[in-house]
Amino acid sequence: MAEDSLQDAFVAAARVWPEQGVPERPAAWLWTTAYRRALDRIRREEADARRLPLLIADSAADASRAGAGPGADLGAGRAAGLGAGLDGGLGAGLGGGLGAGLGAGRGAGPGGGSSDDDYSDVADERLRLLFACCHPALRADARAALMLRFVAGLTTAEIARLFLVSEPTMAARLTRAKAKMAVAGIPLRAPSAADLPERLDVVLRVLYLIFTEGYRATAGPDLIRPRLADEAIRLAYLVGELLPGEPRTLALLALMLLQHARRDARVAPDGTLILLPEQDRSRWRHDEIARGAGLLDLLEAAPMPGEYHLQALIAAEHAKPPPTDWPRIAHLYAELERRAPSPMVRLNRSVAVAEAGSPEAALSLLDGLAIRDSHLLPAVRAELLTRLGRHDEATKAFDEALTLVRTNPERQHLLRRRTER
Amino acid sequence: MHYALLIYGNEKAWESRDEREKQENHERHGRFMAMLRERGALLPGGQELAAAGTATTVRNSGDAVGTTDGPYAETAEQIGGFYLIDAPDLDAALEIARQLPEPIVEVRPVVMHPEMGN
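A quick note: this is a predicted structure, and the numbers were derived from the prediction, not measured.

Thresholds, definitions, all that
Residues numbered from 1 in each chain as written. Chains lettered and ligands numbered in written order. Predicted model: local features only at pLDDT ≥ 70, side-chain atom pairs only at ≥ 80, totals over all residues. Heavy atoms only, no water. Pairing = 2+ DSSP bridges. Helix = DSSP H or I, 4+ residues; strand = E, 2+ residues; numbered from the N terminus. Axes fitted to C-alpha atoms, helices over the stretch in contact; angles between N-to-C directions. Contact = heavy atoms within 4.5 Å. Buried < 20%, exposed > 50% of the residue type's maximum accessible area, 1.4 Å probe, protein only. Parallel < 35°, antiparallel > 145°, perpendicular 65-115°, else oblique. Left-handed = near helix turned anticlockwise from the far one by under 90°. Nonpolar A, V, L, I, M, F, W, Y, C, P; charged D, E, K, R; others polar. Buried area = accessible area lost by both parts, 1.4 Å probe. Salt bridge = Lys/Arg side-chain N within 4 Å of Asp/Glu carboxyl O. Expected span 1.5 Å × (residues − 1). Polar contact = N/O pair within 3.5 Å; in protein donor to acceptor, adjacent residues only side chain to side chain. Phe/Tyr/Trp six-rings, centres within 6.5 Å; stacked < 30°, edge-to-face > 60°. Lys NZ or Arg CZ within 6 Å of the ring centre and 35° of its normal. pLDDT = per-residue confidence, 0-100.

**A closer look at the sheet that holds strand β2 (residues 42-48) of chain B**
Residue and element names in this part refer to chain B. Reading across from one edge, β2-β5-β1-β6 is the order of the four strands in this open sheet, with antiparallel pairing throughout. The sheet is open, and its two edges are formed by β2 and β6 (104-109), each paired on a single side. Going from strand to strand, the sheet's axes swing by 20° on average, the running direction of each strand aside. Two elements, strand β1 (residues 2-10) and strand β5 (residues 77-86), share nine bridges in a ladder whose sense is antiparallel. Within β5, the position partnered with Asn10 by the bridge is Glu77. Strand contacts of helix α2 (residues 19-39): β1, β2 and β5, with the helix running at about 25° to β5, the strand carrying the most contacts.

**Remarks on the pairing of strand β4 (residues 65-69) of chain B**
Residue and element names in this part refer to chain B. Little of β4 is tucked away, with zero of its five residues classed as buried. Note: strand β3 (residues 56-60) against β4, five bridges, orientation antiparallel. In the strand pairing of β4, Thr56 is matched with Asp69. Here β3 folds back onto β4, and the loop between the two strands holds four residues, one of which, Gly62, carries a positive phi near 100°.

**Details of the packing of helix α17 (residues 376-387) of chain A against helix α18 (residues 391-404) of chain A**
Residues and elements named next belong to chain A. Interaxial distance between α17 and α18 falls to 8 Å at its minimum, and their mutual angle equals 160°. Here α17 lies roughly antiparallel to α18, going by the angle between them. Helix-helix and strand crossings are classified by hand; for α17 and α18 the assignment is left-handed. Judged by residue contacts, Pro378, Ala379, Arg381, Ala382, Glu383, Leu385 and Thr386 of α17 engage His391, Glu393, Ala394, Ala397, Phe398, Glu400, Ala401 and Leu404 from α18. Grouping the constituent residues of the contact of α17 with α18 by class yields nine nonpolar, two polar and four charged.

**Side note on the interface of chain B and chain A**
Size of an interface: often given as the accessible area lost when the parts come together. Taken together, the eleven residues of chain B in the interface contact 14 residues of chain A. Both faces combined, the contact of chain B with chain A buries some 1100 Å², and carbon together with sulfur accounts for 59% of it. When the buried area of chain B at its contact with chain A is split by residue, Met1, Leu90 and Asp91 of chain B rank highest and sum to 41% of it. Summed over the shared surface of chain B and chain A, the number is three salt bridges. A salt bridge links Arg189 of chain A to Asp89 of chain B, with the nearest nitrogen and oxygen atoms 2.7 Å apart. Class assignment for the residues of the side of chain B that touches chain A results in nine nonpolar, no polar and two charged.

**With respect to the side chain of His260 of chain A**
All names here are of chain A. Inspection of the secondary structure puts His260 in helix α11 (residues 247-260). For His260, a relative accessible area of 2% gives the class buried. Setting aside anything within four residues of it in sequence, one finds His260 in contact with Phe211, Tyr215, Pro226, Ala229, Asp230, Ile233 and Glu288.

**Side note on α2 of chain B**
All names here are of chain B. For α2, which comprises 21 residues, the first-to-last C-alpha distance of 30 Å matches the rise-based estimate of 30 Å (1.5 Å per residue) to within 8%. Buried positions along α2 lie against β1, β2, β5 and α3 (90-98). The N-cap residue of α2 is Asp18: its side-chain oxygen and the backbone nitrogen of Arg20 are 3.1 Å apart. Count one or two residues on from α2 and you reach Gly40, which has phi positive near 70°.

**Quick look at the packing of aromatic side chains**
Within the structure shown, the criterion is met by three aromatic pairs over all chains. Summarising the aromatic geometry, the rings of Tyr208 of chain A and Phe211 of chain A are spaced 6.1 Å apart at their centres and angled 10° between planes, so their arrangement reads as stacked. Placement of both Tyr208 of chain A and Phe211 of chain A in helix α9 (residues 196-213) is noted, with a separation of three residues, approximately one turn of the helix. The pair Tyr208 of chain A / Phe211 of chain A is uniform in exposure class, with both members buried. Look at Phe32 of chain B and Tyr83 of chain B: their rings are 5.0 Å apart centre to centre, the planes differ by 70°, and that puts the pair in the edge-to-face class. With Phe32 of chain B in helix α2 and Tyr83 of chain B in strand β5, the pair connects residues that are 51 residues apart, well separated along the chain. Judged by its relative accessible area of 4%, Phe32 of chain B is buried. Take Tyr83 of chain B: its relative accessible area is 8%, and that puts it in the buried class. By the ring-pair criterion, three or more aromatic residues cluster together here, those being Tyr208, Phe211 and Tyr308 of chain A. Stacked on the ring of Trp284 of chain A, the Lys or Arg Arg262 of chain A has its end atom at 5.7 Å from the ring centre.

**Quick look at the confidence of the model for chain A**
Residue and element names in this part refer to chain A. Across chain A, the average pLDDT comes to 74, with 68% of residues at 70 or higher. No element of chain A has a lower mean pLDDT than helix α4 (residues 76-87), which averages 29, and none a higher one than helix α16 (residues 359-365), which averages 96. Segment residues 1-115: pLDDT under 50, and 163 contacts once partners within four positions in sequence are set aside and those in other chains are kept.

**Quick word on unusual backbone geometry**
Note that the residue after Pro322 of chain A, namely Pro323 of chain A, is joined by a cis bond; omega there is 5°. Along the polypeptide, Pro323 of chain A turns up in the loop between α13 (307-319) and α14 (326-339).

Listed below in structure tokens is the structure:
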């Protein structure tokens, strides 16, 4: 079996640039070294939650030191309190629901122990690796695979299984991407301060892609692949640790924690998907929900909640015990639509508006909306028309939804709703 | 590393420019080249190319040579010229490419052949 490491790409590169010998910027050496050291580091760090205090400690330090900048979004007062708590040991003083799941005795505290210098070296290398793997010059699917291979340390076989492709296909994808990195001269370097916001966006998009890939219910024998979601969360902790004080990272982490906490309740024993209202709430991971909600508390002071933040707030509302606050969810979807308009956001907003008691307004939100090859839009329209007592139109909408629906449980559901009115 | 910046554009749009627009574009390229020289990033060899309609394509299939009028690929966007630059890495090359006053720029690494003198 071929040795699967970054090295082979640079062996190829070395053939292409024989005159250069060890290049002025010995990227090859850096890559190999960085990869090995990063991998060692990851293997030593099995407990992800351990990263959370680090992430918060750094954010808190930023906020109380600078009083401005990204860290300040976390609220200086709260942050200072957290910082003090951390100084006094991990177990105490975290407050705000974050204490849950972060119990004392998870090893040395952040910055404790003898590995300070080693840690910052490795952190720099991992940051460089992270941004190189998420370089905009790489294809989106290649970025995700590279992240899992070289930052998360999964094997090619594991990544192939997770993305439902054969191992040779995944190996070829990784080889192509590595060759592009070497031949095109993608630098092993964190971006400049000016480029950082945009580049961090790409990193976070890659993480969310990895996460949602785990929940894609369109293919494969398993409806959800929690391992992918686990990896995405693990990587988000890492990004939060390496680039502390970035509200977007915390928001994405909160969103993923809140969604992932429902994993055990999302699939029925026969393998079909269970929608939120029908889920057995006792099977949710309430410690993880508390952790996600705690992160959202930290972000409370953010003046302009971003896309991930709004989605996380919506997920947090759904995770609360009933009754659901539909007016608040409708409001959050309206905000989300303002920030990132899409037909699916509009559709969700319409459902929330209807649940909040205004089916008429909900129906008018669907005017002019088009979602191709999906039964969801006519299905929602049919439900709204039913509520409004417009039965003939509702029947037509149910019929339209039935021509588009693809899975059997959903078809049965629509047929039942169509007749039982 | 050496990179080629391949400039693509719609030839109809290029041809429809009036004299003043052509002059302005010429001056923008002049400033771009001055910037490259100042950084020591400009390599010799870059050129503007005449319209794709003036191209002739030779196809050599081993036992037969065919000659046809026009460019290899008949697409709306054609290559209109290229620069050769020296940049430490792709990020630096992309930063330079973004300053080029053209709508589409393909950044392509150049293969080094030391025995041929590059």
